[in-house]
Amino acid sequence: MRVAMISEHASPLAALGGPDAGGQNTHVAELAAALADQGHDVRVYTRRDEPHQDPVVPLGDGVKVLHVPAGPAEPTPKDELPPYMPEFGRWLVRHWEDDVWRPDVVHAHFWMSGLAALTAGRQTGVPVVQTYHALGTVKRRHQGAADTSPPRRIRYERMLGRSVDRVIAQCADEVDELTRMGIRRSAITVVPSGVNQRIFTPDGPAARRDPGRPRLLGVGRLVDRKGFQDAVRALRAVPEAEYVLVGGPPAARLTDDGYARRLRALAASEGVADRVHLVGAIPREEMARWYRSADLLVATPWYEPFGLTPLEAMACATPVVGTAVGGLTDTVVPGVTGDLVPPRDPEALGAALRRLLADADRRRRYGVAAVERIRTGYSWTRTATRLSAVYTAVCGAPQTSGAVA
Ligand code: UDP
């Protein structure tokens, strides 16, 4: 099939670690490659955010990335992108009408992509599949007044869910959210992300470490909701351990990063500054070295739509101590591949870390079980196969009618 993937802000070509570049970029890159491996012809449409970007960039066999001129040709925070989505949608319509390449199905990633995809899909008769990656209702609940999302996000997300041909949820928690928003359960198919099992393997080189100090690893964009501050607070409970945090801007620019500065100040006030190390952004191909170097991945989000980093750690046989939120409640099996604690609870986290660091045998068993769980349940091939079935189904089914806002 010809599959158009829309990922307005998250380019599969982007470097990861910045505030708007993380799991969605990885997801789109890996999914596009896995679909192409199965014989699909895939084009990923993302916003042009530099003036001299090539309009079309090949990404491996069978995948092309197209840079869509919609809005300023410069990096723009994703919350400022909604006004450019009509232009994005119109560009797709022109492109699909003029070009010999017209997709069989369009798969939108994130709600703003959904707006552009629905506009284009309805005008050209191409069915639309929607993956949200994150939901405005959840963000609003957790961030309250600090939520910078555009005001109409939640309304648009509901409209999309009721209008597109199929909604893809990544975990059971997301299904609950979507149905609470008023989206029919029958419109939703659960397809979790996978993990690249060629890159993320138990064996292979590991980042250098002090063999005398247990290593706790945190990974992610440096934003409050990842809860890294809770892990820093928990460090007092494990006085022998170090906490290594990968992500954010490149190492040389960490001093300019407000969150990194606050985290360092917190570490100083907690008396653990000598045991907290911020590494900065690491290229994706090198991430496995960091997971392998750690005794535990400490994944502490306050909420998490899916969470790729626990899967990546598990694929490297590194057990996870995580918060019992979102996708982690599906992916981490407590007492088998890791342990789960309540979010925003440094005390419970500290106790779980202390217990697991004191028990090498349990850690080893968790690591073995984690690899097994990944091998049997979380490959991108599996994700692509399940999505191919969805694409086939929506192409055969008559389209539901729905107003485009
Ligand atoms: N990542 C990376 N380099 C970094 C930090 C993160 O390649 O310095 C990758 C990480 O391996 C994972 C993704 O960014 O694939 C983060 O995805 P996750 O779902 O955990 O979080 P999100 O960014 O979607 O909130």
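As a reminder, the structure under discussion sits directly above these lines.
Residues numbered from 1 in each chain as written. Predicted model: local features only at pLDDT ≥ 70, side-chain atom pairs only at ≥ 80, totals over all residues. Heavy atoms only, no water.

## A short note on the pairing of strand β2 (residues 41–47)
Next up, step 1: Of all seven residues making up β2, six are buried, and the element is well covered by its neighbours.
Next up, step 2: Note that strand β1 (residues 2–6) and β2 share five bridges and pair parallel. By the bridge assignment, Ala-4 is partnered in β2 with Arg-43.
Next up, step 3: Inspection of the sheet shows β2 paired to strand β4 (residues 63–68) by six bridges, in the parallel sense. Opposite Arg-43, over in β4, you have Lys-64 as the bridge partner. (Buried < 20%, exposed > 50% of the residue type's maximum accessible area, 1.4 Å probe, protein only. Helix = DSSP H or I, 4+ residues; strand = E, 2+ residues; numbered from the N terminus. Pairing = 2+ DSSP bridges.)

## Brief notes about the site of the ligand
Next up, step 1: Contacts to the ligand come from 19 residues, most closely from Arg-221, Lys-226, Ile-282, Leu-308 and Glu-312.
Next up, step 2: Between the ligand and the protein, one listed contact pairs a nitrogen atom with a backbone N or O atom of Ile-282 at 2.7 Å.
Next up, step 3: Protein coverage of the free-state accessible area of the ligand, which is 540 Å², stands at 95%.
Next up, step 4: Listed by contribution, the elements that provide at least two residues to the shell around the ligand are α1 (23–37), α9 (287–293) and α10 (308–315).
Next up, step 5: Take the shell around the ligand: its biggest share by element is three residues, from α10.
Next up, step 6: Tallied by class, the residues present in the shell around the ligand amount to eight nonpolar, six polar and five charged. (Near = heavy atom within 4 Å. Polar contact = N/O pair within 3.5 Å; in protein donor to acceptor, adjacent residues only side chain to side chain. Areas by Shrake-Rupley, 256 points an atom, 1.4 Å probe, with all protein chains shown as cover. Nonpolar A, V, L, I, M, F, W, Y, C, P; charged D, E, K, R; others polar.)

## Looking at the sheet that holds strand β9 (residues 215–219)
Next up, step 1: The strand order β11-β10-β9-β12-β13-β14 describes an open sheet built from six strands, whose pairing is parallel. Both outer strands of the open sheet, β11 (276–280) and β14 (338–341), are each paired with one neighbouring strand and no more. Strand after strand, the sheet turns through a mean of 20 degrees between neighbouring axes, direction not considered.
Next up, step 2: For strand β12 (residues 296–299) and strand β13 (residues 320–323), the ladder comprises three bridges, and the chain directions are parallel. Each bridged residue has a counterpart across the sheet, and for Ala-299 the counterpart in β13 is Gly-322. (Axes fitted to C-alpha atoms, helices over the stretch in contact; angles between N-to-C directions.)

## Overview of the sheet that holds strand β5 (residues 105–109)
Next up, step 1: Read across the sheet, eight strands follow the order β3-β4-β2-β1-β5-β6-β7-β8 without closing on themselves; strand pairing throughout is mixed. In the strand order of this sheet, the two ends are held by β3 (56–58) and β8 (188–190), each with one partner. Between one strand axis and the next, the sheet turns by 25 degrees as a mean value, whatever way the strands run.
Next up, step 2: Here helix α6 (residues 172–180) sits on the sheet in contact with β7 (166–169) and β8, set at roughly 140 degrees to β7. (Contact = heavy atoms within 4.5 Å.)

## Quick notes on the packing of helix α12 (residues 346–357) against helix α13 (residues 360–377)
Next up, step 1: At their nearest, the axes of α12 and α13 sit 6 Å apart, and the two run at 100 degrees to each other. Our classification of the angle between α12 and α13 gives roughly perpendicular. Contact with α12, carried on its side by Arg-355, Leu-356 and Leu-357, involves Arg-362, Arg-363 and Tyr-366 of α13 and no other residues of that element.
Next up, step 2: Counted by class, the contact of α12 with α13 contains three nonpolar, no polar and three charged residues. (Parallel < 35°, antiparallel > 145°, perpendicular 65-115°, else oblique.)

The analysis is restricted to geometry; functional conclusions fall outside its scope.
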